[in-house]
Amino acid sequence: MSRAFRLGPAEQGLGMTSQRARDRLIESLRSGRAANGRQVEPIRDARVLEAMRVLPRHLFIDEALASRAYEDTALPIGLGQTISQPWVVARMTEALIEHGLPRRVLEVGTGSGYQAALLAALVAEVYTVERIDELLRLARRRFRRLGIGNVRSRHDDGRTGWPEHAPFDAILVTAAADAVDAQLFTQLAPHGVLVAPVGPPDLQQLLRFRFDGQQWVGESLGLVTFVPLLAGVR
Ligand code: SAH
């Protein structure tokens with residue numbers, strides 16, 4: 001099923017970052033039982049759940065926050081950015097692979113690298129673009145530490161995609177905008193799927209686009225809140 005990560009004792013974690021903590025998070029995703037007691041849509045895809053059960057999320061955040069890594073919540077990763085909430089990551093990944101496993105995936109917004117690492121366990125090739133150099137360097141270090149060899153990353157404004165490696169079977173945008181840039185659709189294979197949060201800064205619709213033979217049609221997967229998709233690099 002999922003490709004293995006290189007996990008020594010230091011990567012496995014202890015106590016609040018242990019396998020048991022990961023298992024508990026996976027159980028809550030599977031049952032749709034949110035931390036606040038509310039019910040959310042359960043995550044059903046066994047491939048996604050297994051890959052998340054293995055991937056050490058605590059290595060993608062600052063050590064000072066590691067004890068909160070397996071709470072189902074977004075956490076700050078510095079420079080005003082966040083690592084997405086596990087349920088949202090799971091839901092986006094599930095939506096991306098539901099109609100067939102893509103071979104080549106583009107992610108816009110590497111952030112911590114967690115989403116890219118998860119995709120790397122499921123698909124053959126991951127391409128990820130991040131506009132903040134400092135975050136990208138940290139993410140690359142994490143990929144190396146975990147022995148992840150099938151992620152290629154680039155420092156750029158990801159709104160223009162990565163034309164040299166197009167077409168992609170799937171594109172995942174992990175920052176919010178009012179609309180999806182037309183350039184991304186031109187880099188998507190006709191059978192492809194694009195998932196992105198679309199809407200104003202405080203609340204967006206998570207949309208999944210597929211081609212109906214004439215145009216790209218977006219289907220709503222629910223409400224989410226992402227940090228904004230910004231122009232240029234830093
Ligand atoms: N997928 C990330 C979470 C993303 S947070 C994870 O798993 O941790 C959104 C990220 O998108 C931030 O790191 C932000 O810097 C980046 N971003 C915002 N606008 C961007 C753009 N135009 N191109 C590339 N990255 C962008």
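Here goes a summary of the coordinates provided. Fair warning: this is a prediction, and the values are worked out from it, not measured in the lab. (Residues numbered from 1 in each chain as written. Predicted model: local features only at pLDDT ≥ 70, side-chain atom pairs only at ≥ 80, totals over all residues. Heavy atoms only, no water.)

## Observations concerning helix α2 (residues 19-31)
Part 1 of the argument: Its 13 residues give α2 an end-to-end C-alpha distance of 18 Å, which sits within 8% of 18 Å, the value for a rise of 1.5 Å per residue.
Part 2 of the argument: Those residues of α2 that fall on the buried side of the exposure criterion are Ala21, Arg22, Leu25, Ile26, Ser28 and Leu29. Along the long axis of α2, the arc covered by the buried residues comes to 160 degrees, so they all point the same way. The exposed residues of α2 that point more than 90 degrees off its buried face are Arg20 and Arg24.
Part 3 of the argument: On the buried face of α2, the contacting elements are α1 (9-12), α3 (46-54) and α4 (86-97).
Part 4 of the argument: Following α2 by one or two positions, Gly32 has its phi on the positive side, about 75 degrees. (Helix = DSSP H or I, 4+ residues; strand = E, 2+ residues; numbered from the N terminus. Expected span 1.5 Å × (residues − 1). Buried < 20%, exposed > 50% of the residue type's maximum accessible area, 1.4 Å probe, protein only. Arc of directions from axis to C-beta. Contact = heavy atoms within 4.5 Å.)

## Here we look at the pattern of salt bridges
Part 1 of the argument: This model, assessed by the stated rule, comprises 16 salt bridges.
Part 2 of the argument: The closest approach of N and O atoms between Arg68 and Glu71, which form a salt bridge, is 3.1 Å.
Part 3 of the argument: Its relative accessible area of 35% is what places Arg68 among the partly exposed residues.
Part 4 of the argument: Look at Glu71 and you get partly exposed, because its relative accessible area is 32%.
Part 5 of the argument: In this structure, Arg208 engages Glu219 in a salt bridge whose closest nitrogen and oxygen atoms are separated by 3.1 Å. Residue Arg208 is located in strand β8 (residues 204-211), and its partner Glu219 is located in strand β9 (residues 216-224); the two are separated by 11 residues in the primary sequence.
Part 6 of the argument: Salt bridges linked by common partners bring Asp23, Glu50 and Arg53 together as one network. (Salt bridge = Lys/Arg side-chain N within 4 Å of Asp/Glu carboxyl O.)

## Overview of the nonpolar core
Part 1 of the argument: Ranked by internal contacts, the top residues of the largest apolar core, which has 55 residues, are Leu29, Met52, Leu55, Phe60, Leu96, Ile148 and Val195.
Part 2 of the argument: Each residue touching Leu29, except ones within four places of it in the same chain, is listed here: Pro42, Ile43, Leu49, Met52, Asp72, Pro86, Trp87 and Ala90.
Part 3 of the argument: Counting residues in each nonpolar core, the second largest holds 17 residues, with Phe168, Val180, Leu184 and Val198 among its members. (Core = buried A, V, L, I, M, F, W, Y, C linked by side-chain atoms within 4.5 Å.)

## Some remarks on the site of the ligand
Part 1 of the argument: As a matter of local geometry, the ligand sits amid 27 residues, with Ser112, Glu130, Asp157, Gly158 and Leu230 nearest to it.
Part 2 of the argument: One of the side-chain N or O atoms of Asp157 is found 2.9 Å from a nitrogen atom in the ligand.
Part 3 of the argument: Contacts to the ligand include Thr174, whose side-chain N or O atom sits 3.1 Å from a nitrogen atom.
Part 4 of the argument: Taking a 2 Å distance to the grid points as the criterion, the majority of the atoms of the ligand fall inside the largest pocket.
Part 5 of the argument: Where the shell around the ligand is concerned, the elements lending two or more residues are β2 (81-83), α5 (114-122) and β4 (125-130). (Near = heavy atom within 4 Å. Polar contact = N/O pair within 3.5 Å; in protein donor to acceptor, adjacent residues only side chain to side chain. 1 Å grid on protein atoms, 1.4 Å probe; cavity = no way out; pocket = protein on both sides within 12 Å on 5 of 7 lines; lining within 4 Å. Sits in = over half its atoms within 2 Å of the grid points.)

## Brief notes about the layout of surface pockets
Part 1 of the argument: Of the volumes computed, that of the largest pocket is approximately 760 Å³.
Part 2 of the argument: Lining the largest pocket are 45 residues, with Thr82, Ser84, Gln85, Thr225 and Phe226 positioned closest to its centre.
Part 3 of the argument: Secondary-structure elements contributing two or more residues to the lining of the largest pocket are β2, α4, β3 (104-108), α5, β4 and β9.
Part 4 of the argument: No other element matches the 4 residues that α4 contributes to the lining of the largest pocket.
Part 5 of the argument: By residue class, the composition of the lining of the largest pocket is 23 nonpolar, 15 polar and 7 charged. (Points joined across faces, edges and corners; volume = space filled by probe spheres on them. Nonpolar A, V, L, I, M, F, W, Y, C, P; charged D, E, K, R; others polar.)

## Details of the sheet that holds β8
Part 1 of the argument: Ordered by their spatial adjacency, 7 strands build an open sheet running β5-β4-β3-β6-β7-β8-β9, and the pairing between neighbours is mixed. Taken across any chain shown, the strands that pair with only one partner, and hence form the sheet edges, are β5 (151-155) and β9. Neighbour-to-neighbour, the strand axes of the sheet open up by a mean angle of 15 degrees, direction not taken into account.
Part 2 of the argument: Pairing geometry for β4 and β5, over 5 bridges, is parallel. (Pairing = 2+ DSSP bridges. Axes fitted to C-alpha atoms, helices over the stretch in contact; angles between N-to-C directions.)

## Here we look at the environment of Val217
Part 1 of the argument: Relative to the assigned elements, Val217 resides in strand β9.
Part 2 of the argument: The exposure class of Val217 is partly exposed, given its relative accessible area of 38%.
Part 3 of the argument: Each C-alpha atom, one on Val217 and one on Leu207, is 9.2 Å from the other, the two residues being 10 residues apart in sequence.
Part 4 of the argument: Once residues within four sequence positions are removed from consideration, Val217 is found in contact with Arg208, Phe209, Arg210 and Asp212.

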